[in-house]
2 protein chains.
Amino acid sequence: MQGTTGTPSQPADTYPPTDRTVPTRSPDRAAYDKELVHSILDEGYVCHLGFVRDGAPVVLPTLYGRVGERLYVHGSTGSRPLRMTGAADPGLPVCLTVTHVDALVLARSAFHHSINYRSVVVHGTAHEVTDPEERRTALDALVDHVVPGRSRDSRPANKKELAATAVIRLDLNEVSAKLRTGGVNDEPEDLALPHWAGLVPLRKGYGTPVADPGLDPATALPDYLSAG
Amino acid sequence: MQGTTGTPSQPADTYPPTDRTVPTRSPDRAAYDKELVHSILDEGYVCHLGFVRDGAPVVLPTLYGRVGERLYVHGSTGSRPLRMTGAADPGLPVCLTVTHVDALVLARSAFHHSINYRSVVVHGTAHEVTDPEERRTALDALVDHVVPGRSRDSRPANKKELAATAVIRLDLNEVSAKLRTGGVNDEPEDLALPHWAGLVPLRKGYGTPVADPGLDPATALPDYLSAG
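Notes on the structure follow. Numbering of residues starts from 1 in each chain and follows the order in which that chain's sequence is written. To read the labels, note that chains go from A and ligands from 1, taken in the order they are written. pLDDT decides what is reported in this predicted model: residues at 70 or higher carry local features, side-chain atom pairs at 80 or more are listed and counted, and totals for whole chains, interfaces and linings draw on all residues regardless. Hydrogens are left out, water is left out, and the side-chain values use all remaining heavy atoms of the structure.

**Quick look at the relation of the copies chain B and chain A**
Step number 1: The atoms used to superpose the copies are C-alpha atoms, taken from residues with pLDDT of at least 70 in both, and the fit is least squares. Each copy of the sequence occupies a distinct position, and chain B is placed on chain A by a rotation of 180° and an axial shift of 0.0 Å, giving an RMSD of 0.0 Å. The transformation just described matches what one would write down for a two-fold rotation axis.
Step number 2: Working rule for contacts: check all heavy atoms of both residues, and any pair within 4.5 Å makes them a contact. Taken together, the interface assignments show that 99% of the residues at the interface of chain B recur at the interface of chain A, consistent with an identical surface on both copies.

Quick look at the structure:
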């Protein structure tokens, strides 16, 4: 299948690799498949948003949401990165990264210790969103990113709350995933060493929800929380 | 207690706040206590390392280790950030961030949705470590960061592995923690809304270890893995 974006040979279901998204090491771990990238993004709770301030890098954790090929980040209108993406500005160059640690990889050799992980790195320019309709969509996506479907089961933002909230958008154009999966890669001569080797998966999912003390006891736990 | 570092009034057990480590919003969530910072750093598996390349920010997930007031990151001698911190260079300005998501905060209002989290942001200049003794210490710390005590139960790096590995150091000087803890902060007029509200903790810890298929069945699971 030939795509309509990227280079002529670029399939529509992958992101075109660029100098920034082809890693200098372990290029076999890099992937550009959109479905894979979306699944990694959708599973995360926070991203790490990098930008340059006074020539130095800054990396802040923040919530995010995805709508198709757009990522949204929000914050107080007074926060630093949000102030730097005003509508009058040319936008803020950012790097947005999401990482999941799936398992610890314990090898017989110290050198081959590793982790199984899935990460997505997005390069681009963030712009402030001013269109009211897109801001509503973005804010719903941010809430639904925390718990899918939750935006329909909460009171929408009012005028005062909307006025206090800045939303920025980052399009998914220059994107790569990077993964390590599989088992231990020890050297053949180390296999008989007496050290335990294998994978230690990390636990995922919801613990037991704790209702707000002020909650009406008649309010049942929603289905979307009991499935975790 | 008066400290010996930072400003005259700076206690020795906290990091002196700087322009970069005092947040523009929610300053009440910022903390500079060294013990707290260390505990957040020690609980993480990956950090997000930010640096500037060709004027643009780059944020990459990577393993790290801590020895006292020093953080270490390692990688292939060919990888980008490692190449940029050569001993002959003035070092690489970086921002290193570690974040834990502890719970989802579901409010009755979309606006007050949040997460409970603990994060540490370190600003500074990374330098390549060339001293053989410090390199050994750093590599042990990197393995012990994945599983405490593991470096003593694995084959140490040999000459070839050491030659392939670059280590960089970032001192803990300009550091802050940021946290959200506690419950839901809904507006008083929203308390009677029919939406479930509360905290959804996220599960933590080890799942069931999976031994390498080539492991001698006589090799027992070490105690340090069964306690998770």
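What follows continues from the structure just given.
**Description of the pairing of strand β3 (residues 56-63) of chain A**
Residues and elements named next belong to chain A.
Step number 1: Per-residue accessibility, obtained with a 1.4 Å probe over protein chains only, is compared with the maximum for each type, and a residue is labelled buried under 20%, exposed over 50%, and partly exposed between these values. Helix and strand definitions follow DSSP, with helices as H or I runs of at least four residues and strands as E runs of at least two, each counted in order from the N terminus. Counting buried residues in β3 gives six out of eight residues, a clear majority hidden from the surface.
Step number 2: A pair of strands is treated as paired once DSSP finds two or more bridges between them. Strand direction decides the pairing type here: strand β2 (residues 46-53) and β3, joined by eight bridges, are antiparallel. Its bridge partner being in β3, L49 is matched across the sheet by L60.
Step number 3: Linkage of β2 to β3, two consecutive antiparallel strands, is achieved through a turn of two residues, within which D54 is found at a positive phi near 50°.

**Some thoughts on the pairing of strand β8 (residues 165-171) of chain B**
Residues and elements named next belong to chain B.
Step number 1: In terms of burial, β8 is largely enclosed, as six of its seven residues are buried.
Step number 2: Bridge count for strand β5 (residues 70-76) against β8 is seven bridges, and the pairing is antiparallel. Opposite Y72, over in β8, you have R169 as the bridge partner.

**Observations regarding the interface of chain B and chain A**
Step number 1: Each partner contributes to the interface: chain B provides 86 residues, whereas chain A provides 85 residues.
Step number 2: Counting each side, the surface lost to burial between chain B and chain A is near 7,300 Å², with a carbon and sulfur contribution of 63%.
Step number 3: Per-residue buried area on chain B facing chain A is highest for R155, W196 and R203 of chain B; these three make up 11% of the total on that side.
Step number 4: The rule for a salt bridge is simple: a side-chain nitrogen of Lys or Arg has to be within 4 Å of a carboxyl oxygen of Asp or Glu. The interface formed by chain B and chain A contains six salt bridges.
Step number 5: The closest approach of N and O atoms between R53 of chain B and D19 of chain A, which form a salt bridge, is 3.4 Å.
Step number 6: Throughout this description, a polar contact denotes any pair of N or O atoms lying within 3.5 Å of each other; where both atoms belong to protein, one of them has to be capable of donating a hydrogen while the other can accept it, and for residues adjacent in sequence the pair is counted only when both atoms sit in side chains. Connecting chain B to chain A are 33 residue pairs in polar contact (both at pLDDT 80 or more). Buried area: the accessible area, evaluated with a 1.4 Å probe, that two parts lose upon being put together, summed over both parts.

**Thoughts on the side chain of H112 of chain B**
Residues and elements named next belong to chain B.
Step number 1: With respect to the helices, strands and loops of the structure, H112 is situated in the loop between β6 (92-106) and β7 (114-128).
Step number 2: Residue classification places H112 among the buried positions, given a relative accessible area of 17%.
Step number 3: Look past the residues within four positions of H112 in its chain and what remains in contact with it is V105, A107, N185, D186 and E187.

**Regarding the state of the cysteines**
Step number 1: Throughout, a disulfide means two cysteine sulfur atoms within 2.5 Å of one another. Considering all chains together, one arrives at zero disulfides over all chains under this definition.
Step number 2: C95 of chain A provides the cysteine sulfur closest to C47 of chain A, a residue in no disulfide bond, and the two sulfurs are 10 Å apart.

**A look at the environment of N185 of chain A**
Step number 1: Mapped onto the elements, N185 of chain A comes out in the loop between β9 (174-180) and β10 (198-201).
Step number 2: Spatially, the C-alpha atoms of N185 of chain A and R108 of chain A are 9.1 Å apart, while their sequence positions differ by 77 residues.

**Here we look at the environment of R136 of chain A**
Residues and elements named next belong to chain A.
Step number 1: Relative to the elements of secondary structure, R136 occurs in helix α3 (residues 132-146).
Step number 2: Remark: the alpha-carbon pair of R136 and L162, spanning 26 residues in sequence, is separated by 8.8 Å.
Step number 3: Not counting the four nearest positions on each side in its chain, R136 is found in contact with P156, A157 and L162.

**Side note on the pattern of salt bridges**
Step number 1: Enumeration over the complete set of coordinates arrives at 30 salt bridges over all chains.
Step number 2: Across the salt bridge formed by R108 of chain B and D212 of chain A, the nearest N and O atoms sit 2.9 Å from each other. Of this pair, R108 of chain B sits in the loop between β6 and β7 while D212 of chain A sits in the loop between β11 (210-211) and α5 (223-226), placing the two residues on different chains.
Step number 3: Exposure remark for R108 of chain B: the relative accessible area of 0% places this residue in the buried category.
Step number 4: The class for D212 of chain A is buried, based on a relative accessible area of 14%.
Step number 5: It is possible to trace a salt-bridge network through shared partners that takes in E43, D102, R118 and K204 of chain A.

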